[in-house]
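Residue-level structure breakdown
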Amino acid sequence: MGLPTLEFSDSFLDSPDFRERLKCHEIELERTNKFIKELIKDGNMLISALKNLSAAVQKFSQSLQEFQFECIGDAETDDEVNIAQSFKEFSQLLTTVEEERRRLIQNADDVLITPLEKFRKEQIGAAKEGKKKFDKETEKYYSTLERHLNLSSRKKETYLQEADTQIDKERQLFYDASLEYVFKIQEVQEKKKFEFVEPLLAFLQGLFTFYHEGYELAHEFEPYKQQLQFNLQNTRNNFVSTKQEVEKLMKRIRSADQDYKPPGQWTMEGFLYIQEKRELLNQPEMFKLKSCIRRKTDSIDKRFCFDIEVVERHGVMTLQALSESNRRLWLEAMDGKEPVRNSARLPLKYSFCFMYSIKISTDHTGINTMGLYRIGGVNSKVQKLMSTVFCDTYRNTFSLMSICCFSESDDQNYRVCAVHALVHKLPERNREMLELLIKHLVTVSAQNQFNLMTVSNLGVIFGPTLMRSQEETVAAMMNIKFQNIVVEILIENFTKVLFWFWFCLRSQPALTLAVFAVSRDAKAMYSCEAEHSHELSFPQGALFSNVYPSVEPGWLQATYEGRTGLIPENYVVFL
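Presented here is an overview of the structure given in this document. Computed from a predicted structure; not experimentally measured.

1. Focus: the overall build of the chain
A tally of helices and strands in the chain yields 16 helices and 11 strands. Considering only contacts in the chain between residues 6 or more positions apart, those separated by 24 or more positions represent 67%. Entry remark: accessible area of the chain is about 35,700 Å², with carbon and sulfur atoms responsible for 54%.

Here is the structure:
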């Protein structure tokens, strides 16, 4: 039920009912006053919490900005570069959000706290002052009225008239104070409907603006987020395949015991005991080897010994290895008497027949098999098949296409050009084998909606297969991600890499490629004005020499009047 109405005429009556209705309004004003006080207190706490939150987010953003990703290896894939950059992108996003939050905090005091405090002090405070005046005039009026009523009727007429005049004056002052008080109470009750609510609405509007800004930032961030998710998924796939290879390497190292030659920059390195009775020097000594002979067991009471002769000393130096297998490795490294036996391989022609058989069989019967090439076979049988059919020449020559394509340039055309050059450095038979395999993988990837073998998935599988390092180390395993990308380039640019002959000359800090084709001449059918520095301007009828297809679709590379640049393909005819 709402508040009762206060009529101005009731101020003259000053009845008990009027006083009761007036008291209801006073109670409501006091309740409103207390609520505004609590609201201001809570608002200040909210602003303080927002300030603390903003400071914490800014500290978090600063931590993201300062962190630097360090990846294993000397080069990084595009996925790793984007992932390493992601923290700075996150930091920038959070900083932008916090700038909008700071504006919200700065405006909160002006749009919320100050107006509420002003309404409480000016409006409700004015009503309280009106009550004080009303109570004062009420007490004064009723005291005067009580004295007036107690006057004796025997007083002189002039005295009684003066008393009547005084009471009328006090009554008028009381009525004025009562009317003003009633007016002020009703004014405050009506004003609180908008002056009390408007600050809250303005604060909420600022809050909504902040949230809307966050929504807009999230919308702008969406493409980067999707790209980053793609990068993360690729990196996760590379991690899974690399982890499997590293685990296999760890198991091989564990089972190899001492009969394992650790890879490194030296042919052989390690520790040996020397059979000498002289003090060893602190600084290293270098010797030039003349001969190395295994020491017979019956000629010395020590095991695993061998003798070497060096240019710098006279006589024989006897060294002791750590085990028989370790001695064998040292003898192999120093051209001792432990020869290395090579396993027999099938002739080259049988490898091609084998590959053709696999390709034909898969293309006709298994091309739509889900997870094709992802399901591994029995390892012992696979290794036996690989060692029987494929010679090391294939795998080692494929390893030409390694990190060099990615270490110095982010340009995709440059990478394709680099792979093209490396492919055409392969021996002819190796290139034919690579062409046969990649052509088959193109066919497989074209059916990815059935077999789920996308170009990325095929890269994960065939990268380590085609370009496995000659030395199986953890560092080599970390480069599998680059091998995967090379295979992706081979599949996605199969025609360009293996068949097209283009001119590609790019100067980079670590790599300069030049792949030339048979030059042709052409004639301009129309005139053309260059829009960029790498394009050529020419009139109608101009003659061009050294014309080649360009990596840019619809453009040719040509030479005109001593300058080489790009010309539109549809502007010329070949002679």
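2. Structural notes on the pattern of salt bridges
Throughout the structure, instances matching the rule amount to 22 salt bridges. The salt bridge involving lysine 128 is made with glutamate 30; its shortest N-O contact spans 3.6 Å. Taken as a pair, lysine 128 in helix 3 (residues 78–149) and glutamate 30 in helix 2 (residues 16–66) lie far apart in primary sequence, 98 residues in all. Between lysine 191 and glutamate 187 there is a salt bridge, and its shortest N-O distance comes to 3.7 Å. Highlighted residues: lysine 191 and glutamate 187, both in helix 4 (residues 157–191), separated by four residues, approximately one helical turn.

3. Remarks on the pairing of strand 7 (residues 520–524)
Pairing between strand 7 and strand 8 (residues 543–549): three bridges, direction antiparallel. Within strand 8, the residue paired with lysine 523 across the bridge is leucine 543. The pairing of strand 7 with strand 11 (residues 572–574) spans three bridges and is classified as antiparallel. The partner of alanine 524 across the bridge, within strand 11, is valine 572.

4. Digging into the sheet that holds strand 9 (residues 555–560)
Spatial ordering of the open sheet is given by 10-9-8-7-11, a layout of five strands whose pairing is antiparallel. Looking at the sheet topology across the chains shown, the edges are occupied by strand 10 (563–568) and strand 11. Sheet twist, expressed as the average angle between the axes of neighbouring strands with direction ignored, equals 40°.

5. Looking at the packing of aromatic side chains
Under the definition given, this model contains 17 aromatic pairs. Plain terms: the ring middles of phenylalanine 12 and tyrosine 175 are 4.6 Å apart, the flat faces sit at 70° to each other, and that makes the pair edge-to-face. Here phenylalanine 12, found in helix 1 (residues 9–13), pairs with tyrosine 175, found in helix 4; they are 163 residues apart in sequence, far enough to count as distant. Since its relative accessible area comes to 14%, tyrosine 175 is described here as buried.

6. Some remarks on a nonpolar patch on the surface
A cluster of nonpolar residues, Leu204, Phe208 and Tyr211, forms a patch on the protein surface that exposes about 320 Å² of accessible area. Structurally, leucine 204 is set in helix 5 (residues 197–256).

Criteria and cut-off values
Residues numbered from 1 in each chain as written. Predicted model: local features only at pLDDT ≥ 70, side-chain atom pairs only at ≥ 80, totals over all residues. Heavy atoms only, no water. Helix = DSSP H or I, 4+ residues; strand = E, 2+ residues; numbered from the N terminus. Contact = heavy atoms within 4.5 Å. Areas by Shrake-Rupley, 256 points an atom, 1.4 Å probe, with all protein chains shown as cover. Salt bridge = Lys/Arg side-chain N within 4 Å of Asp/Glu carboxyl O. Pairing = 2+ DSSP bridges. Axes fitted to C-alpha atoms, helices over the stretch in contact; angles between N-to-C directions. Phe/Tyr/Trp six-rings, centres within 6.5 Å; stacked < 30°, edge-to-face > 60°. Buried < 20%, exposed > 50% of the residue type's maximum accessible area, 1.4 Å probe, protein only. Patch = residues over 30% accessible without salt bridge, like charges linked within 9 Å, V, L, I, M, F, W, Y side chains within 5 Å.

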